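# Remarks on the overall topology
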Amino acid sequence: MVRAVICLDMSLKHFLQFNDFSREEYEYLFERARWIKQEFKAYRQYWPLTDRTLAMIFDKSSTRTRLSFEAGMHQLGGAAIYLSTRDTQLGRGEPVEDAARVISRMVDLVMIRTFQHETVQHFAQYSRVPVINGLTDEYHPCQIMSDIFTYMEHRGRIEGKTVAWIGDSNNMCNTWLQAAEIFNFKVNVSTPPGYDIDPAQIGLAGSLHYEKFVSPHEAVAGVDLVTTDVWTSMGFEAEAEQRKNDFAEFCVDAEMLALAKKDALFMHCLPAHRGEEVSAEVLDGPQSVVWDEAENRLHTQKALMEYLLLGKLETAT
Ligand code: CP
Ligand code: NVA
C-alpha cells in the first residue's frame, strides 16, 4: 500500500544536481538533519524507513558515500544493498533503462555514483523510485549539501559570504557554483590555465555569483571559506602526471590561508593528498572542518532519504 501511495500520490522527486531543490527545501532538510543528528547522538532510535530498501550503484570507488548511505539507511530502520558495476550486468552492457526499470521495481530508492551525468539522468528517466546522485564527473550535490550544513553549524548563514575555490574546475567546483545561486553567496574561482570553469555547461551562463581569478592568492584574500579538492578526480587518472605540473602553484598552504579572514574555515570533501592540493598544516590545522564535513554526510543524507520517501514531516523540538 505505502509503495503504491508513493508512486501515485507523491510526485517523484530525484536529487541529481544541487539546483534540483529550492532554498526552502534545503532549509527544511537542514532543520531535519539537525534534529536527526541530535537524536542519533543521544542514541534515540528513529526508524521512519522500516522495510524500505536503498540500492547503491557504484561505478567508481568510495569510502564516505557508501558508508554514509549504508549506515544512514540502517539507522533509519531500512536496508541498503551495494551494487558494483564490476559484478552486475550493468558492467556487461545491460542498457541503463532496462536496469532502471528492474532495480526500481525491487527497491524504494536508488543512489548512483558514475562517470557521465547523463547516465544518472537516463536512469532517473526510467526509474519508478527517487534517484540520488552520489557523484558524477560533473556534480557532487550530496557533498555540498553537507558542506553548507557544516558551514552553518560553525558560522551561521552562508548568504552574503564569499567562498574561494582553488584548483580543478571539477564536480565539486561546479556544485559550489550552483549552490552559490541558491544560497546567494559568492565563489572566487582560481583554476590553472586550461582548467577553466564552464558556467554555461552547468546552467549558470550570466551568473553574478562567481568571479574568476588568475592568482589563487588573490582569490583567497578576505574570504570566509577556502576550499579545494584533488587535482586528479576519478576517471582522469591518465592525466595525473600532467596535472601535478599544471597545478603546482595551487596548493592551499598556511601562507595562502592566512590571506583569508582570520576566522575563515577550510573545507575539503576528502580523500585529500597532503602536500599536493593542501598542506598537512592546513588540513590538520585549527581552521579545517573536514572531519565535520565527512560526518555530516551521514546526517544530511538521512534527512534527504527521509524527504524523498516520506515528504515533509513536522520536526519535534
Ligand atoms: N567525499 C566523498 O564523496 O568521499 P568518497 O569518495 O569516499 O565517497
Ligand atoms: N573530485 C573528486 C571528488 C571525490 C569525492 C573526484 O571526483 O574524484
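Everything discussed here concerns the structure shown above.
Residues numbered from 1 in each chain as written. Chains lettered and ligands numbered in written order. Predicted model: local features only at pLDDT ≥ 70, side-chain atom pairs only at ≥ 80, totals over all residues. Heavy atoms only, no water.

### Topic: the site of ligand 1
Counted only if it meets this: Put simply, a residue is near a molecule or strand once any heavy atom of it comes within 4 Å of that molecule or strand. In the analysis that follows, any N or O atom pair within 3.5 Å is treated as a polar contact, provided that within protein one partner can donate a hydrogen and the other can accept it, and provided that, for residues neighboring in sequence, both atoms belong to side chains. Shrake-Rupley sampling with a 1.4 Å probe provides the accessible areas, and residues are treated as covered by the protein chains on show and by no other component. Buriedness for pockets is judged along seven lines, at least five of which must meet protein on both sides within 12 Å for an open set on the 1 Å grid over protein atoms alone, while cavities are sets there where a 1.4 Å probe fits but cannot get out, and lining residues have an atom within 4 Å of a point. To qualify as sitting in a cavity or pocket, a molecule needs more than half of its atoms within 2 Å of the grid points. Basically, the charged four are Asp, Glu, Lys and Arg, the nonpolar ten are Ala, Val, Leu, Ile, Met, Phe, Trp, Tyr, Cys and Pro, and anything else, Gly included, counts as polar.
Around ligand 1, the neighbouring residues are Ser62, Thr63, Arg64, Thr65, Arg113, His140, Gln143, Cys269, Leu270 and Arg297. Contact between ligand 1 and Leu270: a nitrogen atom at 2.9 Å from a main-chain N or O atom of the residue. Note that an oxygen atom of ligand 1 is positioned 3.1 Å from one of the side-chain N or O atoms of Arg297. When ligand 1 is considered free in solution it has 260 Å² of accessible area, and contact with the protein chains removes 96% of it. Here ligand 1 is seated within the largest pocket. Residues belonging to the shell around ligand 1 are distributed by class as follows: 2 nonpolar, 5 polar and 3 charged.

### Structural notes on helix α7 (residues 171-183)
The test is simple: Helix and strand assignments come from DSSP, with helices taken as H or I runs of at least 4 residues and strands as E runs of at least 2, each series counted from the N terminus. Take the residue count of a helix, subtract one, and multiply by 1.5 Å to get its expected span. Residue burial is assigned from relative accessible area. The probe radius is 1.4 Å, only protein chains are included, and a residue is buried under 20% of its type maximum, exposed over 50%, and partly exposed in between.
For α7, spanning 13 residues, the distance from its first C-alpha to its last is 18 Å, which sits close to the expected 18 Å at 1.5 Å a residue. In terms of burial, α7 is a largely internal element, 12 of the 13 residues being buried. Among all positions in α7, only Asn171, Met172, Cys173, Asn174, Thr175, Trp176, Leu177, Gln178, Ala179, Ala180, Ile182 and Phe183 are buried. Its side-chain oxygen at 3.0 Å from the backbone nitrogen of Met172, Asn170 defines the N-terminal cap of α7. Just past α7, the residue Asn184 takes up positive phi, approximately 60 degrees.

### Here's the deal with the layout of surface pockets
Which entries qualify depends on this criterion: Grid points are joined across faces, edges and corners, and a volume is the space filled by probe spheres set on the points.
Volume-wise, the largest pocket comes out at about 460 Å³. In terms of lining, the largest pocket is formed by 30 residues, of which the most central are Val230, Thr232, Ser233, Met234 and Pro271. Taken together, the elements giving at least two residues each to the lining of the largest pocket come down to α3 (64-75), α7 and α9 (240-246). A total of 3 residues in the lining of the largest pocket trace back to one element, the largest contributor, which is α9. The residue inventory of the lining of the largest pocket, partitioned by class, reads 10 nonpolar, 10 polar and 10 charged. Here the lining of the second largest pocket is built from residues that sort into 3 nonpolar, 6 polar and 6 charged.

### Considering empty space enclosed by the protein
Applying the stated criterion across every chain yields a total of 1 cavity of 30 Å³ or more. For the largest cavity, the calculated volume is near 40 Å³. For the lining of the largest cavity, the class distribution of residues is 3 nonpolar, no polar and 4 charged.

### Describing the site of ligand 2
Around ligand 2, the neighbouring residues are Leu135, Asn170, Asn171, Asp229, Val230, Ser233, Met234, Cys269 and Leu270. Here Met234 contributes a backbone N or O atom positioned 2.8 Å from an oxygen atom of ligand 2. Put simply, ligand 2 lies in the largest pocket. Among the residues forming the shell around ligand 2, the class breakdown is 5 nonpolar, 3 polar and 1 charged.

### Description of the nonpolar core
Spelled out, the test is: Among the buried residues, those of types Ala, Val, Leu, Ile, Met, Phe, Trp, Tyr and Cys that are joined through side-chain atoms within 4.5 Å form a nonpolar core. The contact criterion used throughout is that any non-hydrogen atoms of two residues lie within 4.5 Å.
Ranked by size, the top nonpolar core spans 55 residues in total, and within it Tyr26, Ile132, Ile148, Trp176 and Phe185 carry the most contacts. It is α7 that provides the largest number of residues to this core, a total of 8 residues. Once you skip the residues sitting within four places of it in the chain, Trp176 turns out to touch Ile144, Asp147, Ile148, Ile158, Val163, Trp165, Phe185, Val187, Leu225, Thr227 and Met267. Grouped together as the second largest cluster of nonpolar side chains are 20 residues, Phe250, Leu257, Ala260 and Val282 included.

### A few points about the sheet that holds strand β3 (residues 109-113)
Definition in use: The rule for pairing is simple: two strands pair if DSSP sees at least two bridges between them. Every axis in this analysis is a line fitted to C-alpha atoms, fitted for helices over the stretch in contact. Angles between the N-to-C directions lie between 0 and 180 degrees.
Spatial ordering of the open sheet is given by β2-β1-β3-β4, a layout of 4 strands whose pairing is parallel. Edge positions in the sheet fall to β2 (79-84) and β4 (131-133), since each of these pairs with one other strand and no more. Within the sheet, the average angular offset between the axes of one strand and its neighbour, ignoring direction, is 20 degrees. Sheet topology note: the strand β1 (residues 53-58)/β3 ladder contains 5 bridges and is parallel. Paired with Phe58 across the strands is Arg113, a residue of β3. Packing against the sheet, α3 makes contact with β1, β2, β3 and β4, and its axis sits at approximately 170 degrees to β1.

### Side note on the pairing of strand β8 (residues 225-228)
Every second residue of β8 is oriented toward a common face, with Leu225 and Thr227 on one face and Val226 and Thr228 on the other, all of them buried. Bridge count for strand β5 (residues 162-166) against β8 is 4 bridges, and the pairing is parallel. Counted as the bridge partner of Val163 is Leu225 from β8. Of the strand pairs in this sheet, β8 and strand β9 (residues 265-268) are connected by 4 bridges, and their pairing is parallel. For Thr228, the partnering residue across the bridge sits in β9 and is His268.

### Quick notes on the pattern of salt bridges
Applicable threshold: Whenever a carboxyl oxygen of Asp or Glu lies within 4 Å of a side-chain nitrogen of Lys or Arg, that contact is scored as a salt bridge.
All chains considered together, the criterion is met by 23 salt bridges. One salt bridge in this structure joins Glu27 and Arg157, with 3.6 Å as the shortest N-O distance. With Glu27 in helix α2 (residues 23-41) and Arg157 in the loop between α6 (141-155) and β5, the pair connects residues that are 130 residues apart, well separated along the chain. Between Asp263 and Arg155 there is a salt bridge, with its nearest N and O atoms 3.8 Å apart.

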